[in-house]
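# Structural characterization, general
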Amino acid sequence: MNISQKWRQHLLTVLVIVGFFALWQLLCASLNVSDLILPKPTQIAFILWKKMPLLWPHTLQTLYTTVVGFAAGVLVGVFIGLLIGSSKLAYDVAYPLLVGFSSIPKVAVVPIFVVWFGSGTIPAILTSAVICIFPVVVNVATGLASTEPELEDVFRVLGASKLDILWNVGMPRTLPFLFASLKIAITLSFVGTVLSETVAANKGIGNVMMIASGNFDVPLVFAGLFILAIMGILLYATSSYFEIKMTGWNNRKNDFSLG
Amino acid sequence: MAFIELSNVSLQYGKGTVALKQTDLKIENAEFLSLVGPSGCGKSTILKLVAGLLKPTSGAVIVGGREVGLIGSSPIQTSTRIGMAFQNPTLLPWLSIRDNIMIPLKIIQPFRAQFSDKKNTAFKDKAEALLAKVGLNGFGDKRPWQLSGGMLQRASLCRALIHEPQLLLLDEPFGALDQFTREELWDIMQSLWIDTKPTVLLVTHDLREAAYLSTRICVMSSRPGRILADSAVPFARPRTVEQSYSADFAELVQELRMCISHARDDQATLKELNAA
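These numbers were taken from a predicted model, which means no experiment stands behind them.

Turning our eyes to something else, we now look at the overall build of chain B. Tallying secondary structure elements over chain B gives nine helices and ten strands in all. For chain B, the C-alpha radius of gyration of 19 Å lies close to 19 Å, the compact-globule estimate for 276 residues. Along the longest, intermediate and shortest principal axes, the C-alpha atoms of chain B span 65 × 50 × 35 Å. Going through the 276 residues of chain B one by one, you find that 40% of them count as buried.

Right, dumping it as structure tokens:
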């Protein structure tokens, strides 16, 4: 019963996606929408297939900068989050500064990075990193701050140090919060990369899309969007896999379906 | 010198509730002391003070010859090994039952230094032996949510005992359980105590439980907490549940009840007089 339920779920997912594209194709065809406004999925597929050798290095570039930026952003975010979540003083004092920094639109930040580091890969990595720090910090700090004191009491009675308690209780307890923020951070990190590539780069999907839209090659723009979407899904799936492995204990409602 | 000593200890929560007022208490080595009294009389507070989870507003709490403050955030620490079982089992949901009860071995020296070597051998056997003793054979790999309340409390007791503590603090550990499970756990508790004879401080509102398990009972009154009576329990060990329904047992329980009841009446009268 469990297996057929799973297959049914997968089938439904595939049907939903296929249905979405089928609907899109039908609407474009029947309403005679111009290619310059909304290309048909078949057209996008054709462009992807035809221009893949051209697009591949750009895809890799975007993927590389996003993954590096994402990793850097998450590491810094976790570190800051741990600091803020473990100290009540830091928790109360640091937030205004953090919120101030994160409220700055990253569009405004890219030119500054370009001035400091030149155009190309580095500003893309930096923008991607900076844009996903804040959600990670907030979630990790919240997870730590909301750890039930009763869990910590067990350790305190044993004479455990604050570091012991952080490692044994705080960090496992905050993992579900961290993974939740990773889902947001992944999508944001693509935003950061593409932003930077659009403004100041000569490689990457963002750059390709900007040039394509300048030439009114809308199908190519959409092809770029597609590639970004697929990369996003891949990263999300990877994160999801680790989430299930490491925080299965938190999502018990699903336990029956996993057996 | 007594093993544990509370010396003129008072505790006030913030600017509000006075949980304890100028309390003195001495506990000797290998004593099994029960603190009984109505809810809110300060029994759990005394336990937490001895454990070092709370700091007294005034007075001193001395355990094993050293003054006890807040463990972990103060250099003044007790060198006594303490095991504690709370009213909620609070096992960590991301660990198996066995890993949960091995936690003290991870934290406390000298076990901590050997933990990475022995965690799959000697320590694991230790954990399994304790689990078997409390009747949780084979549940070591399960997760906390797969066990019932009674089973979790048994696991919590194992966790409190695995590091061979000199002092065992029990905060109404059987409060949330049914009568049968409770009587079963009393027997287990008794046999565990006979094995290693740690000093035990048990907080309970069940007078029969106190009479069954302890060598000495202290009756406390409501806010502010004070010790009203302090009596030894004369029955020989090992005691049985049948004994706990005998006449002299019932007499002891009645005495304790009367003591608490008088204290509550006095308080009620005092309130009326103040209101008038």
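This part covers the overall build of chain A. Per the secondary structure count, chain A includes ten helices and zero strands. Dimensions along the principal axes, computed over C-alpha positions, put chain A at roughly 70 × 60 × 30 Å. Split into buried and exposed, the 259 residues of chain A put 35% on the buried side. Partitioning the contacts of chain A with sequence separation of at least 6, the portion at a separation of at least 24 is 77%.

Bringing the interface of chain A and chain B into the picture now. With 16 residues of chain A at the interface, the matching set in chain B holds 18 residues. Secondary structure elements with two or more residues in the side of chain A that touches chain B: helix 6 (149–157) and helix 7 (162–200) of chain A. Examining the composition of the side of chain A that touches chain B, we find that seven residues originate from one element, helix 6 of chain A, more than from any other. Broken down by class, the residue content of the side of chain A that touches chain B amounts to eight nonpolar, two polar and six charged.

Residues and elements named next belong to chain B. By domain assignment, chain B separates into domain 1 (1–80 + 166–261) and domain 2 (88–165). The distance between the C-alpha centroids of domain 1 and domain 2 comes to 24 Å. Taken together, the 13 residues of domain 1 in the interface contact eleven residues of domain 2. Elements supplying a minimum of two residues to the side of domain 1 that touches domain 2: strand 7 (167–171) and helix 7 (179–196). Ranked by residue count, the leading element in the side of domain 1 that touches domain 2 is helix 7, at five residues. Class assignment for the residues of the side of domain 1 that touches domain 2 results in ten nonpolar, three polar and no charged.

It is common to give the size of an interface as the accessible area lost on bringing the parts into contact. Residues and elements named next belong to chain A. Here chain A is partitioned into domain 1 (1–33) and domain 2 (39–258). Once you take the C-alpha centre of each, domain 1 and domain 2 turn out to be 28 Å apart. Here the residues of the side of domain 1 that touches domain 2 are counted per class, giving four nonpolar, three polar and no charged.

Next up on the list: the environment of Leu228 of chain B. All names here are of chain B. Positionally, Leu228 belongs in strand 10 (residues 227–232). For the pair Leu228 and Cys259, spaced 31 residues apart in sequence, the C-alpha separation works out to 7.8 Å. Once you skip the residues sitting within four places of it in the chain, Leu228 turns out to touch Val219, Met220, Ser221, Cys259 and Ala263.

Once that is clear, we can look at the nonpolar core. In terms of nonpolar packing, the biggest core is built from 83 residues, with Val50, Ile101, Cys158, Leu169 and Leu201 of chain B touching the most fellow members. The element that contributes the greatest number of residues to this core is helix 6 (residues 149–161) of chain B, accounting for six residues. Among residues more than four places away in sequence, those in contact with Ile101 of chain B are Ala127, Leu130, Ala155, Cys158, Arg159 and Ile162 of chain B. Core analysis: the second largest hydrophobic core is formed by 45 residues, Val140, Met209, Phe222 and Ile227 of chain A among them.

Here the focus is the sheet that holds strand 4 (residues 58–63) of chain B. Residues and elements named next belong to chain B. Taken together, the four strands give an open sheet; going across it, the order is 2-1-4-5, and neighbouring strands pair in antiparallel fashion. Of all strands in the sheet, those bounded by a partner on one side alone are strand 2 (18–27) and strand 5 (66–67). Those strands touched by helix 1 (residues 43–51) are strand 1 (4–12), strand 2 and strand 4, and its axis lies near 120° from that of strand 1.

A few words now on the sheet that holds strand 6 (residues 82–85) of chain B. Residue and element names in this part refer to chain B. In spatial order, the strands read 6-7-8-3-9-10; together these six strands make up an open sheet with mixed pairing. Edge positions in the sheet fall to strand 6 and strand 10, since each of these pairs with one other strand and no more. Strand-to-strand twist of the sheet, defined as the mean angle between neighbouring strand axes without regard to direction, takes the value 15°. Along the sheet face, helix 6 touches strand 6 and strand 7 and points at about 170° away from the line of strand 6.

Right, let's get into the environment of Phe134 of chain A. Among the structural elements, Phe134 of chain A can be located in helix 5 (residues 121–145). Considered as a pair, Phe134 of chain A and Gly77 of chain A are 57 residues apart in the sequence and their alpha carbons are 6.7 Å apart.

Residue and element names in this part refer to chain A. For helix 3 (residues 88–103), built from 16 residues, the straight-helix expectation of 22 Å at 1.5 Å per residue is met to within 8% by its first-to-last C-alpha distance of 23 Å. Largest kink in helix 3: about 40°, centred on Ala94, with the proline Pro96 one to four residues after it. The element helix 3 is barely covered by neighbouring structure, given that only zero of its 16 residues are classed as buried.

All names here are of chain B. Between its terminal C-alpha atoms helix 7 stretches 26 Å, which fits the 26 Å expected from 18 residues at 1.5 Å a residue. All of the buried residues in helix 7 are Leu185, Trp186, Met189, Leu192 and Trp193. Buried residues in helix 7, looked at end-on, bunch into an arc of 135°, giving them a common side. Summarising the geometry of helix 7, the exposed residues directed more than 90 degrees from the buried face are Phe180, Ile194 and Asp195. Summarising the contacts, the buried residues of helix 7 are in contact with strand 3 (32–36), helix 6, strand 8 (199–204) and helix 8 (207–213). After helix 7 finishes, the residue Lys197 shows a positive phi value of roughly 45°.

So, about the packing of helix 6 of chain A against helix 7 of chain A. Residue and element names in this part refer to chain A. Two elements in contact, helix 6 and helix 7, have axes separated by 10 Å at closest approach and are oriented at 135°. Relative to helix 7, the element helix 6 is oriented oblique. Crossing geometry of helix 6 relative to helix 7 is assigned as right-handed. Residues Leu151, Glu152 and Phe155 of helix 6 lie in contact with helix 7, whose contacting residues are Asp164, Ile165, Asn168 and Val169. A per-class count over the contact of helix 6 with helix 7 returns four nonpolar, one polar and two charged.

What follows covers the confidence of the model for chain B. All names here are of chain B. Of the residues in chain B, 95% reach a pLDDT of 70 or more, and the chain-wide mean stands at 84. Strand 5 is the least confidently modelled element of chain B, averaging 76 in pLDDT, while helix 2 (residues 97–101) averages 93, the highest of any element. pLDDT under 50 marks residues 73–77. Its contacts with residues more than four places away, or in other chains, come to six contacts. Overall fold confidence for the complex sits at a pTM of 0.79, while the interface term, ipTM, reaches 0.81.

The rules behind each value
Residues numbered from 1 in each chain as written. Chains lettered and ligands numbered in written order. Predicted model: local features only at pLDDT ≥ 70, side-chain atom pairs only at ≥ 80, totals over all residues. Helix = DSSP H or I, 4+ residues; strand = E, 2+ residues; numbered from the N terminus. Rg over C-alpha atoms; globule rule 2.2 N^0.38 Å. Buried ≥ 20, exposed ≤ 12 C-beta atoms within 10 Å, placed from the backbone. Contact = placed C-beta atoms within 7 Å. Nonpolar A, V, L, I, M, F, W, Y, C, P; charged D, E, K, R; others polar. Domains from an automatic or database assignment. Core = buried A, V, L, I, M, F, W, Y, C linked by C-beta atoms within 7 Å. Pairing = 2+ DSSP bridges. Axes fitted to C-alpha atoms, helices over the stretch in contact; angles between N-to-C directions. Expected span 1.5 Å × (residues − 1). Bend = angle between axes of the 7 residues up to and from the residue. Arc of directions from axis to C-beta. Parallel < 35°, antiparallel > 145°, perpendicular 65-115°, else oblique. Left-handed = near helix turned anticlockwise from the far one by under 90°. pLDDT = per-residue confidence, 0-100.

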